[in-house]
Amino acid sequence: MPRRTAALLVAIALGSAAAVGCSSAAAPDRAAGASSGAVSTSAVPASTASAPTVPAPTDSTPTDTAPTDTAPTDSAPAEAPSPSPAEPSAPAAASVAVRGTVADGLKSPWGLAVLPGGDLLVSERDSARILRVSAKDGGRTVAGTVPGVTSGGEGGLLGLALSPDFATDHRVYAYFSTGSDNRIARLDLDPSRPAGSQLSTPTVLLSGIPHGPRHNGGRIAFGPDGFLYAGTGDANDRSLAQDRDSLGGKVLRLTRDGDPAPGNPFPGSPVWSLGHRNVQGLAWDPQGRLWASEFGQDTWDELNLITSGGNYGWPTVEGAAGRAGFTDPVAQWHAADASPSGIAFASGAVWVAALRGTRLWRVPLDGDRAAGAPQEFLRGEYGRLRTVAADGDGTLLLVTDNTDGRGSPRPGDDRILRLDVKSG
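This section reports on the structure supplied with the text. (Residues numbered from 1 in each chain as written. Predicted model: local features only at pLDDT ≥ 70, side-chain atom pairs only at ≥ 80, totals over all residues. Heavy atoms only, no water.)

**Describing the packing of aromatic side chains**
Then, number 1: The full count for this structure, using the stated rule, is 5 aromatic pairs.
Then, number 2: Arranged with centres 5.0 Å apart and planes meeting at 80°, the rings of Tyr-173 and Phe-222 form a pair that is edge-to-face. Of the two residues, Tyr-173 sits in strand β9 (residues 171-177) while Phe-222 sits in strand β12 (residues 220-222), which places them 49 residues apart along the sequence.
Then, number 3: Centroid distance Tyr-229 to Trp-284: 5.1 Å. Interplanar angle 70°. Geometry classified as edge-to-face. Of this pair, Tyr-229 sits in strand β13 (residues 228-231) while Trp-284 sits in strand β16 (residues 279-284), and the two are 55 residues apart along the sequence. Here Tyr-229 and Trp-284 have matching classes, each one buried.
Then, number 4: Every member of this aromatic cluster is reached through a ring pair, and the members are Tyr-229, Trp-272 and Trp-284.
Then, number 5: Positioned above the aromatic ring of Trp-314, the side-chain terminus of Arg-277 is 5.4 Å from the ring centre. (Phe/Tyr/Trp six-rings, centres within 6.5 Å; stacked < 30°, edge-to-face > 60°. Helix = DSSP H or I, 4+ residues; strand = E, 2+ residues; numbered from the N terminus. Buried < 20%, exposed > 50% of the residue type's maximum accessible area, 1.4 Å probe, protein only. Lys NZ or Arg CZ within 6 Å of the ring centre and 35° of its normal.)

This is how it looks when you write it as structure tokens:
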């Protein structure tokens, strides 16, 4: 049975009214900050965050329709280890410094994957191109263009993920929109071929994910269990989020061939969790717990701890409601302060890229709950932030998104920044 997350709820209320409608709506950007390559460190003003509130534990016994977990088959990869009761709590404070710019001049970048050796694959939402960016000098090569992609609204070429065996199978997974649905496909990458033709014809693994002008989800990532997870949106039809037969408003869990993964809570279904409005970020902590960011509507954006069969409430509830059968977020923000997109786990915290909020949030963790109030960094300095990823060298990669039609592009946009983070 899905369990209640008795977590520390952190409500960031900065006094600005939450915007009605999609929380990724355009908002005027602040003046540009440090120039490309400069080092800037963001401090958190004492007045920025309100004191966290701790809701009283409530009975969250799931409703009669909640699923029971099914044990994985013998062929399934081993599940992630159970959380250790002795895991250390992250320091309440940290600092962030922009080391420099990895690449600039990108157009509507969305997905990011770090290749063995440090080079990057980047998807461009509107052009449907996948670029290879050199970690050494930021040079770009067009690996190829994904056929069949339809851009417009919030759709296009979205998330990217590398096969866990990429070093030997060279497989790339992509989430993209067509004229009728959203799909997940697999492509082979052959860098020995000429630029522009290094990608194979896509093999569609899953189709029929609801598509609309807004709320298409799009983030995909392989978990520590070896399965592919995908965050989807309600495609602007809120009823889909609670419909177990719909792929909209869900976190999906798939095999590498696109089939429902063994051990999913609903037999024969790829659905792992439901009740989501628009899942935009997926990341795991070292204990194998899955975290996800989600756009709210009128009141709260969310950071959720995702569990098998969990129901996260949309559209019945938004934010923390303390209602039986629904799992409350671990942290929440007003829409004007976040509109969270990509997330990453690093240095004991979940890092959240904010679009409308034009800042990077850090949520320190103590096991499955927040260890303190979220910190904000880079507020307004680089505009809308789409994706954040942990790199192998201990730094963070941060992707801006000011050329998507909702931002205010600055010279050099869009760009990938490299960040140094330090706890304490």
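**Some details on the sheet that holds β12**
Hydrogen bonds between backbone atoms are what pair the strands of a sheet, whose relative direction is either parallel or antiparallel.
Then, number 1: Spatially, 4 strands are ordered β12-β13-β14-β15 in an open sheet, and the strand pairing comes out antiparallel. Looking at which strands have only one partner, the edges of the open sheet turn out to be β12 and β15 (271-273). Here the average twist between neighbouring strands, direction ignored, is 30°.
Then, number 2: Where β13 and strand β14 (residues 251-254) come together, 4 bridges link them in antiparallel fashion. Across the sheet, the residue bridging to Leu-228 is Leu-254, located in β14. (Pairing = 2+ DSSP bridges. Axes fitted to C-alpha atoms, helices over the stretch in contact; angles between N-to-C directions.)

**Focus: the pattern of salt bridges**
Then, number 1: If you walk through the whole model with that rule in mind, you get 20 salt bridges.
Then, number 2: Asp-165 is the partner of Arg-256 in a salt bridge, and the nearest nitrogen-oxygen pair spans 2.6 Å. Placement of Arg-256 in the loop between β14 and β15 and of Asp-165 in the loop between β8 (157-162) and α1 (166-169) is noted, with a sequence separation of 91 residues between them.
Then, number 3: Here Arg-256 falls in the partly exposed class, since its relative accessible area comes to 28%.
Then, number 4: A salt bridge links Arg-359 to Glu-376; the shortest N-O distance between them is 2.9 Å. (Salt bridge = Lys/Arg side-chain N within 4 Å of Asp/Glu carboxyl O.)

**Observations concerning the sheet that holds β9**
Then, number 1: Read across the sheet, 4 strands follow the order β8-β9-β10-β11 without closing on themselves; strand pairing throughout is antiparallel. With partners counted over all chains shown, the strands left at the sheet margins are β8 and β11 (203-209), one partner each. Shown here is a sheet whose adjacent strand axes are inclined to one another by a mean of 20°, direction ignored.
Then, number 2: Where β8 lies against β9, 4 bridges are found, and the strand directions are antiparallel. Across the sheet, residue Ala-161 finds its bridge partner in β9, namely Tyr-173.

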